[in-house]
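Understanding the architecture of this molecule
What follows is the residue order along each chain.
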Amino acid sequence: MSATPSDHAARTVIIDCDPGTDDAVALWLALASPELNVALVTVAGGNVGLSRTLANARAIVGLSGREVPVVAGADRPLLGAFQAEERVHGTDGLGGVRLPEGPAPQPGIAADAIRDLLRDAPPESVTVVGIGPATNLALALATEPALANRVAEFVLMTGALSEGNWTVAAEFNAAMDPEALALVLASGRPVSLVTLDLTAQALVTAERIATLRGLCDGECLRACCDIMASVPTSRRLGHRGHPLHDPCAIAWLLAPELFTVQEVAVQVECGSGIGRGRTHIDRWGRSGLPPQAKFLDRLDADGFFRLLGERLPRLP
Ligand code: BDR
Ligand code: CA
């Protein structure tokens, strides 16, 4: 089959996720965007248990009409016990919104699938988007560290400069598996950090959902709006709406002009105390560590929601 011009330009992407209401929107945004060749979706237990996140990922990909392998990964962090975030995502992970069952998962496990894809890829050619606990990515890297050189960039929705949303100190994805996050941060590859400080600027409001709903009557857009409408407003953000975390990681790849960035050094606390999972983001060189990450600082929120409104109606 001959390639279209957009195939040539498309960047190969792995999305490691735990759907999750905002993961669903992120996956649909990526799948609707010709700049991205979503080559693999890997799934961890996270917002809800693995059996649900896997079924959700399959259903989300299935509804998009795109053929992308979906592979099951870790059902718990490297250390410690699994915990779910049902207050935000509901017991089924999608706020009670029912989707038709998706295609069967690809056999095998996520860390193997990630390593297989990287092994066959040229150096610095694969963008890895992590929007759940980093367990699958860490397992892949820890078992074959040399494959890190195939990664162009890690884009991680994780961490916080200020307060957490799971504990006082820690954001959910970082808190769920800090050891895994530490392994990814130590890979030596560039990292772009989507933190709670950024996603607090991407607030879903009733008005924004209504605007999106008015754009078309496609199944994906309708499900997306229903899912966003299921999420409670955030007390942390004064009930002004709720933050659409994970799609910000995809938007960074599609429209970097919507963001301002700062070079930072980042570390994650792996101790057992109240700071477990806290990310220490050094914007001013105080740690003495060389910067290894881009901290996504300011977001053009209206531009971000315009991007969603431009892309999601392209799906069925
Ligand atoms: C992150 O945690 C999950 O609940 C969301 O899907 C997002 O990836 C935000 O802290
Ligand atoms: Ca997520």
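Report on the accompanying structure.

What counts and what doesn't
- Residues numbered from 1 in each chain as written.
- Chains lettered and ligands numbered in written order.
- Predicted model: local features only at pLDDT ≥ 70, side-chain atom pairs only at ≥ 80, totals over all residues.
- Heavy atoms only, no water.
- Axes fitted to C-alpha atoms, helices over the stretch in contact; angles between N-to-C directions.
- Helix = DSSP H or I, 4+ residues; strand = E, 2+ residues; numbered from the N terminus.
- Parallel < 35°, antiparallel > 145°, perpendicular 65-115°, else oblique.
- Left-handed = near helix turned anticlockwise from the far one by under 90°.
- Contact = heavy atoms within 4.5 Å.
- Near = heavy atom within 4 Å.
- Polar contact = N/O pair within 3.5 Å; in protein donor to acceptor, adjacent residues only side chain to side chain.
- Areas by Shrake-Rupley, 256 points an atom, 1.4 Å probe, with all protein chains shown as cover.
- Pairing = 2+ DSSP bridges.
- Donors = N, O, S within 2.8 Å, 3.2 Å for Na, K, Ca; no water.
- Buried < 20%, exposed > 50% of the residue type's maximum accessible area, 1.4 Å probe, protein only.
- Phe/Tyr/Trp six-rings, centres within 6.5 Å; stacked < 30°, edge-to-face > 60°.

For the pair helix H2 (residues 21–31) and helix H11 (residues 219–230), the least separation of the axes is 9 Å and the interaxial angle reads 155°. If you check the angle between H2 and H11, you find them roughly antiparallel. Crossing angle aside, the handedness with which H2 passes H11 is left-handed. Facing H2, whose interface residues are Thr21, Ala24, Val25 and Trp28, H11 presents Cys220, Ala223, Cys224, Ile227, Met228 and Ser230.

The environment of ligand 1 is formed by 13 residues, the closest being Asp22, Asn47, Glu171, Asn173 and Asp246. Taking asparagine 47, its side chain carries an N or O atom lying 2.6 Å from an oxygen atom of ligand 1. Contact between ligand 1 and glutamate 171: an oxygen atom at 2.5 Å from a side-chain N or O atom of the residue. In the complex, 97% of the free accessible area of ligand 1, which totals 280 Å², lies under the protein chains. Of all elements in the fold, only H2 and helix H7 (172–176) reach the threshold of two or more residues within the shell around ligand 1.

Attention now moves to the sheet that holds strand S5 (residues 151–157). The strand order across the open sheet formed by nine strands is S3-S2-S1-S4-S5-S6-S11-S9-S10, and the pairing between neighbours is mixed. The two strands at the open ends of the sheet, each matched to only one other strand, are strand S3 (70–72) and strand S10 (279–282). The average angle at which neighbouring strand axes cross in this sheet is 30°, direction not considered. Two strands pair when backbone bridges link them, and strand S6 (residues 191–194) and strand S11 (residues 293–299) are joined in this way by three bridges, in the parallel orientation. Along S11, the bridge assignment pairs leucine 193 with phenylalanine 295.

Further remarks concern the coordination of the calcium ion (ligand 2). All of the protein donors around the calcium ion (ligand 2) are Asp18 (OD), Asp23 (OD), Asp23 (OD), Ile131 (O) and Asp246 (OD); their distances to the metal are 2.2 to 2.6 Å. Between consecutive donor residues of the calcium ion (ligand 2), the sequence gaps follow D-x4-D-x107-I-x114-D. Taken together, the positions of aspartate 18 in the loop between strand S1 (11–17) and H2 and isoleucine 131 in the loop between strand S4 (126–130) and helix H6 (135–143) put the pair 113 residues apart, joining distant regions of the chain. Look at aspartate 18 and you get buried, because its relative accessible area is 0%. Note on isoleucine 131: relative accessible area 0%, which makes it buried.

Where strand S9 (residues 259–268) and S11 come together, six bridges link them in antiparallel fashion. Looking at the pairing, phenylalanine 259 lines up with leucine 299 of S11. Looking at chain direction, S9 and S10 are connected through four bridges and run antiparallel. Looking at the pairing, valine 268 lines up with threonine 279 of S10.

In terms of residue burial, helix H5 (residues 110–119) counts as a mostly covered element, since seven of its ten residues are buried. Of all the residues in H5, the buried ones are Ala110, Ala111, Ala113, Ile114, Arg115, Leu117 and Leu118. Packing partners of the buried residues in H5 comprise S1, strand S2 (36–43), S3, S4, H6 and S5.

Bringing the packing of aromatic side chains into the picture now. With the rule as written, the count across this model stands at three aromatic pairs. Ring geometry for tryptophan 166 and phenylalanine 172: centres 5.1 Å apart, planes at 75°, overall edge-to-face. For the pair phenylalanine 304 and phenylalanine 305, a centre-to-centre distance of 5.0 Å together with 80° between the ring planes defines the contact as edge-to-face. The exposure class of phenylalanine 304 is buried, given its relative accessible area of 0%. Among the residues examined, phenylalanine 305 registers a relative accessible area of 8% and is labelled buried.

This brings us to the side chain of glutamate 153. Position of glutamate 153 relative to the elements: it lies in strand S5. Given the relative accessible area of 13%, glutamate 153 is considered buried. At 2.4 Å, the side chain of glutamate 153 and the side chain of serine 192 are in polar contact. In this view, glutamate 153 contacts Arg11, Val126, Thr127, Val128, Pro190, Ser192, Trp252 and Leu253; residues no more than four positions away in its chain are not counted.

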